[in-house]
Amino acid sequence: MKISTKGRYGLMLLVDLAIHGGESPISLKSIAERQGLSDHYLEQLIAPLRNAGFVRSVRGAYGGYVLARPATEVGVRDVILTLEGPLDIVDEDFDDGLSPLWDRLREAVDQVLQSVSLQDLVEMRQAGQGPYMFYI
């Protein structure tokens, strides 16, 4: 299982909005500059995040994006599922006789992702706990 740049950059985008946004809209270009990411790539990520209700757009000369809900109400699991789709540990079509193990591993990953909110990531970032590190 690997979380791609879609999931990782999407979380970085939302953390940046949570830290720097508040009530004022933030442009994708300013997020891209702060995070060292491509603004063109962020443009591809913002549509599914907006459609899922994580962000809303503000039009106009000083427009951009703001969080649609408080950071405490945005679950990391929901963001990852929105951007990545279901997280598969192994290929379901292959029967190796170990499906109970893979099921337990999938449940453990799901529980970790479900237990973390966007606000938790903001606090980790502000406390200097590095990008994001979770151990299962």
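Please refer to the structure higher up on the page.
Only a predicted model underlies this, so the values are computations on that prediction, with no experimental measurement involved.

(A) Looking closely at the side chain of Gln35. Note on placement: Gln35 falls in helix 2 (residues 28-35). Under the relative-accessibility criterion, Gln35 is labelled buried at 18%. Those residues in contact with Gln35 that sit more than four places away from it in its chain are Met12, Asp16 and Arg125.

(B) Quick look at the environment of Leu49. Within the secondary structure layout, Leu49 lies in helix 3 (residues 39-51). For Leu49, a relative accessible area of 0% corresponds to the buried category. Each C-alpha atom, one on Leu49 and one on Leu67, is 9.8 Å from the other, the two residues being 18 residues apart in sequence. In this view, Leu49 contacts Gly10, Leu13, Leu14, Phe54, Val55, Val79 and Leu83; residues no more than four positions away in its chain are not counted.

(C) Broad picture of the pattern of salt bridges. Under the defined criterion, the tally for this structure stands at four salt bridges. Taking the shortest distance from any N to any O, the salt bridge between Arg77 and Asp110 comes out at 2.5 Å. Remark: Asp110 occurs in helix 5 (residues 99-115) and Arg77 occurs in helix 4 (residues 76-84); sequence separation between them is 33 residues. Accessibility expressed as a relative area gives 25% for Arg77, which makes it partly exposed. Judged by its relative accessible area of 26%, Asp110 is partly exposed. Put simply, Asp103 and Arg106 hold a salt bridge, and the shortest N to O gap is 2.5 Å. Residue Asp103 and its partner Arg106 are located together in helix 5, separated by three residues, close to a single helical turn. The exposure class assigned to Asp103 is partly exposed, which follows from its relative accessible area of 33%. The partly exposed category is assigned to Arg106, whose relative accessible area is 23%.

Reading the values: the criteria
- Residues numbered from 1 in each chain as written.
- Predicted model: local features only at pLDDT ≥ 70, side-chain atom pairs only at ≥ 80, totals over all residues.
- Heavy atoms only, no water.
- Helix = DSSP H or I, 4+ residues; strand = E, 2+ residues; numbered from the N terminus.
- Buried < 20%, exposed > 50% of the residue type's maximum accessible area, 1.4 Å probe, protein only.
- Contact = heavy atoms within 4.5 Å.
- Salt bridge = Lys/Arg side-chain N within 4 Å of Asp/Glu carboxyl O.

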